[in-house]
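Residue-level structure breakdown
These are the residues of each chain, in order.
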Number of protein chains: 2
Amino acid sequence: MSKTAATPVKFTHIQCGDCPIRHRAVCARCDDSELASLEETKYYRSFEAGQTIVWSGDRMDFVGSVVTGIATLTQTMEDGRRQMVGLLLPSDFVGRPGRDTAAYDVVATTDLVMCCFRKKPFEEMMLTTPHVGQRLLEMTLDELDAAREWMLLLGRKTAREKIASLIAIIARRDASLKMADSGGSVVVDLPLTREAMSEYLGLTLETVSRQISALRKDGIIVIEGKRHITIPDFERLLEEAGDDSDGGFLV
Amino acid sequence: MSKTAATPVKFTHIQCGDCPIRHRAVCARCDDSELASLEETKYYRSFEAGQTIVWSGDRMDFVGSVVTGIATLTQTMEDGRRQMVGLLLPSDFVGRPGRDTAAYDVVATTDLVMCCFRKKPFEEMMLTTPHVGQRLLEMTLDELDAAREWMLLLGRKTAREKIASLIAIIARRDASLKMADSGGSVVVDLPLTREAMSEYLGLTLETVSRQISALRKDGIIVIEGKRHITIPDFERLLEEAGDDSDGGFLV
DNA sequence: TTTGAGCCTTGACCTAGATCAAACAATGTC
DNA sequence: GACATTGTTTGATCTAGGTCAAGGCTCAAA
């Protein structure tokens, strides 16, 4: 997810019209006639925190993007081991054109609003409106980069580095929305439970808890409550994360 | 990489003309005039086993696809820890349109021939020839699926399951090319050193070696030399890999 | 004001895989 | 034929993170 923030966000949704966020700025290249067919099939869906949106293997006849809230993509093995493979924040795209079955569980981690399109008309529109496909390619390439950074994290980082990385990733994505650094220190509210973090990081929730405590004891982060985190020195956090330099954020 | 083989291969390269493999079947939808501009900038490059094609961070002014041989994408941390994030077999695409710097080390694992295009003209052609972009989107979505399966492997599988998975993945990709199963048993030549396997799997090379020995002792695989593997019962291997059922291969 | 359900923390212990070390096999070079 | 070199195997030991278990905190329902 980390490099996504590095690319300038011009128009983030593949959607249009009256969406609550990024209203009207959605697609600079669309004229109204091109958008008409999309408008017709667009609809919103709301989900409560914890609700499963689709189960892996289920038929999925829509695509869409997150408007508000957070969703996750998760894979499960027969014996119950779970690995998160996607973390969807506002503006992220869900679903795969050209496939009618969900490959992963999609779960709303917080209360969630999605902007959806029926898949069939969306696919047709992709054929007639090339730049939507181009935009989707761009977004997919970003996701692939994020997945590859994630693979480095899963395969080679220590538990401590994993936690530091996750906090940095969330802080970075957050900051790109609300730019809330008051004098060098960055503030984040973790939108995930310890368990969800463990599924993201390929750890147990106990290890997540212990490493968060360790980072707190070492002054890398300051915690109020369970989820509200202040990062006094972001550079220091990035060092703990084992990322080379800034990961494309500062600078 | 695994699900890639599941989607029917219609025309695999984004390339055309006189490529050694899949010659002429490359792009059913292209007419000659559309391909002309690509032909102009197309060229082949050969690399020896072990040679680094591009270093992460280097300028990369071409895109291309593997014609013969195998290449890897690898990320490296400052202290030298390495994680493979891409395994490129013949027909796989290399490079990212819209970015001029390599994000990963690209290394030829075997002797390698690539079919390359200068990036600038390729990008221009993507704008004028939409279905090339569409094909690229399809390939990128496949890669993203593969990356996500890989994440499950890295985050949740045991060393034994990782090895079994890797052998299955390679066998599957191999089989889709040469369909070499003689009476239920499948034969593979591992195109990777133990070290490369360890970089793929997020393990040490010693653990890779030990687990291969263990699978051999248990009769899951039969080895001649170091690299030549016979799989007497592919289903059994898949069970060891912890994949749900067949992973989209048999059936 | 209890009770209970989620979510989180911490401790004690254990094990899968890492690390360190030695040696072997195949290949090429002088 | 001696000898590096590269890839691999195997053994002995160590440790990061998993597992099992007990509580603690918070909020909401009864």
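Preceding block: the structure.
My aim in this report is to walk through the structure given alongside it, one point at a time. These figures come from a predicted structure and were not determined experimentally. (Residues numbered from 1 in each chain as written. Chains lettered and ligands numbered in written order. Predicted model: local features only at pLDDT ≥ 70, side-chain atom pairs only at ≥ 80, totals over all residues. Heavy atoms only, no water.)

**Looking at the protein's contact with DNA strand C**
To keep it simple, the criterion reads: Throughout this document, a residue counts as near a molecule or strand when at least one of its heavy atoms sits within 4 Å of that molecule or strand. Polar contact criterion, stated in full: a pair of N or O atoms within 3.5 Å, where within protein one must be able to donate a hydrogen and the other to accept it, and residues adjacent in sequence count only if both atoms are side-chain atoms. What counts as a helix is a DSSP run of H or I of at least four residues, what counts as a strand is a run of E of at least two, and both are numbered from the N terminus. Think of it as three bins: nonpolar holds Ala, Val, Leu, Ile, Met, Phe, Trp, Tyr, Cys and Pro, charged holds Asp, Glu, Lys and Arg, and polar takes everything else, Gly as well.
Taken together, 17 residues surround DNA strand C, and among them R194, S209 and S213 of chain A together with T207 and R210 of chain B come closest. A159 of chain B places a polar main-chain atom, nitrogen or oxygen, 2.8 Å from a phosphate oxygen of DNA strand C. T207 of chain B is positioned such that a nitrogen or oxygen atom in its side chain is 2.4 Å from a phosphate oxygen of DNA strand C. Put simply, the parts of the chain that give the surface near DNA strand C at least two residues each are α6 (205-217) of chain A together with α6 (205-217) of chain B. In the surface near DNA strand C, the residues fall into three nonpolar, seven polar and seven charged.

**Here we look at the environment of L237 of chain B**
Residues and elements named next belong to chain B. We apply this condition: Only protein chains enter the accessibility calculation, which uses a 1.4 Å probe. A residue is then buried if its area is under 20% of the maximum for its type, exposed if over 50%, and partly exposed in between.
Summarising the element assignment, L237 is placed in helix α7 (residues 234-241). On the basis of relative accessible area, L237 is assigned to the buried category, the value being 0%. Sequence-wise, L237 and A164 are 73 residues apart; in three dimensions their C-alpha atoms are separated by 6.1 Å.

**Observations regarding the interface of chain B and chain A**
What counts, and what does not: Contact definition: two residues touch when any of their heavy atoms are within 4.5 Å. When two components associate, each loses some accessible surface as probed by a 1.4 Å sphere; the sum of these losses over both components is called the buried area. By convention in these notes, a salt bridge is any Lys or Arg side-chain nitrogen within 4 Å of a carboxyl oxygen on Asp or Glu.
Counting from both sides, the interface comprises 50 residues of chain B and, opposite them, 50 residues of chain A. Summed over both sides, the interface of chain B with chain A buries roughly 4,200 Å², with 55% coming from carbon and sulfur. When the buried area of chain B at its contact with chain A is split by residue, R148, M151 and R156 of chain B rank highest and sum to 19% of it. Counting across the interface, chain B meets chain A through 10 salt bridges. Residue R96 of chain B pairs with D145 of chain A through a salt bridge whose shortest N-O separation is 2.9 Å. Counting the contacts that link chain B with chain A gives 24 residue pairs in polar contact (both at pLDDT 80 or more). If you list the elements that add at least two residues to the side of chain B that touches chain A, you get β4 (71-76), β5 (82-88), α2 (119-128), α3 (130-156) and α5 (194-201) of chain B. With 21 residues, α3 of chain B is the largest single contributor of residues to the side of chain B that touches chain A. Partitioning the side of chain B that touches chain A into residue classes produces 20 nonpolar, 12 polar and 18 charged.

**Observations concerning the sheet that holds β5 of chain B**
All names here are of chain B. The criterion, for reference: Strand pairing follows a simple DSSP-based rule, namely that at least 2 bridges must link the two strands. Note on method: axes are straight lines fitted to C-alpha atoms, helices fitted across the in-contact stretch only, with angles between N-to-C directions ranging 0 to 180 degrees.
A sheet is described by the order of its strands in space; here four strands give the open sequence β2-β7-β4-β5, paired in antiparallel fashion. Whereas interior strands pair on both sides, the edge strands pair on one side only; in this sheet they are β2 (52-54) and β5. Pairs of neighbouring strands in the sheet enclose a mean axial angle of 35°, with direction left out of account. Two elements, β2 and strand β7 (residues 105-108), share two bridges in a ladder whose sense is antiparallel. In the sheet register, T52 faces β7, and the bridge partner there is V107.

**A closer look at unusual backbone geometry**
Residues and elements named next belong to chain A. The backbone phi angle of S91 is positive, close to 90°, even though this residue is not glycine. If you trace the backbone, S91 turns up in the loop between β5 (82-88) and β6 (93-94). On the accessibility criterion, S91 (9% relative accessible area) is buried.

**Let's talk about the nonpolar core**
Our working rule: Nine residue types can take part in a nonpolar core, namely buried Ala, Val, Leu, Ile, Met, Phe, Trp, Tyr and Cys, and a core is a set of them joined through side-chain atoms within 4.5 Å.
Residues I221 and I231 of chain A together with I231 of chain B are the most contacted members of the largest nonpolar core, which totals 117 residues. Apart from the residues within four sequence positions on either side, I221 of chain A is in contact with I167, I212, L215, R216, I229, T230, I231, P232 and L237 of chain A. Counting 26 residues, the second largest nonpolar core, distinct from the first, contains V63, C115 and M126 of chain A together with F93 of chain B.

**Observations concerning the packing of helix α3 (residues 130-156) of chain A against α3 of chain B**
The line we're drawing: Here roughly perpendicular refers to angles of 65 to 115 degrees, roughly parallel to angles under 35, roughly antiparallel to angles over 145, and oblique to all remaining angles. Note: crossing handedness is left-handed where the near helix turns anticlockwise from the far helix by less than a right angle, and right-handed where it turns clockwise.
Where α3 of chain A meets α3 of chain B, the axes come as close as 9 Å, and the angle between the chain directions of the two elements is 20°. Here α3 of chain B runs roughly parallel to α3 of chain A, going by the angle between their axes. Considering only the axes of α3 of chain A and α3 of chain B, their crossing is left-handed. Considering only residue class, the contact of α3 of chain A with α3 of chain B consists of 18 nonpolar, six polar and four charged.

**Details of the protein's contact with DNA strand D**
Taken together, 17 residues lie near DNA strand D, and T207 and R210 of chain A together with R194, S209 and S213 of chain B sit nearest. By atom count, sugar and phosphate contribute 62% of the portion of DNA strand D lying within 4 Å of the protein. Residue R227 of chain B places a side-chain N or O atom 2.9 Å away from a phosphate oxygen belonging to DNA strand D. For the surface near DNA strand D, the secondary structure elements donating two or more residues are α6 of chain A together with α6 of chain B. Looking at the surface near DNA strand D element by element, the count peaks at five residues for α6 of chain B. Of the residues that constitute the surface near DNA strand D, the class distribution is three nonpolar, seven polar and seven charged.

**Structural notes on the sheet that holds strand β4 (residues 71-76) of chain A**
Strand order in this open sheet of four strands is β2-β7-β4-β5 (chain A), and the pairing throughout is antiparallel. Only two strands of the sheet have a single neighbouring strand rather than two, namely β2 (52-54) and β5 of chain A. Ignoring which end each strand starts from, the neighbouring axes of this sheet average 35° apart. By the bridge criterion, four bridges tie β4 of chain A to strand β7 (residues 105-108) of chain A in an arrangement that is antiparallel. Considered in β7 of chain A, the bridge of T74 of chain A is made with D105 of chain A. Contacts from helix α5 (residues 194-201) of chain A reach β4 and β5 of chain A, with the element oriented near 100° to β5 of chain A. Of the strands in this sheet, β4 and β5 of chain A are in contact with α3 of chain B, which crosses β5 of chain A at around 130°.

**Concerning the relation of the copies chain B and chain A**
The condition is simple: The fit set for superposing copies consists of C-alpha atoms from residues with pLDDT of at least 70 in both; the fit itself is least squares.
Take chain B, turn it by 180°, move it 0.0 Å along the axis, and it overlays chain A with an RMSD of 0.0 Å. Taken together, the rotation and translation describe the operation of a two-fold axis. Comparing contact sets, 100% of the residues at the interface of chain B also lie at the interface in chain A, consistent with an isologous, same-surface contact.

**As for the pairing of β4 of chain B**
Regular strands have side chains that alternate between both faces of the sheet. All names here are of chain B. Of all six residues in β4, five are buried, a share of seventy percent or more. The sheet contact formed by β4 and β5 spans six bridges and is antiparallel. Residue pairing for β5: T74 is matched across the bridge by M84. Here β4 hands over to β5 after five residues, with G80 in that stretch at a positive phi of 100°.

**What to know about the state of the cysteines**
All names here are of chain B. Note the threshold: Counting rule for disulfides: a pair of cysteine sulfur atoms within 2.5 Å.
Counted by the stated rule, this structure contains zero disulfides over all chains. Residue C116 stays outside any disulfide, its sulfur separated by 6.7 Å from that of C115, the closest cysteine. Here C116 falls in the buried class, since its relative accessible area comes to 0%.

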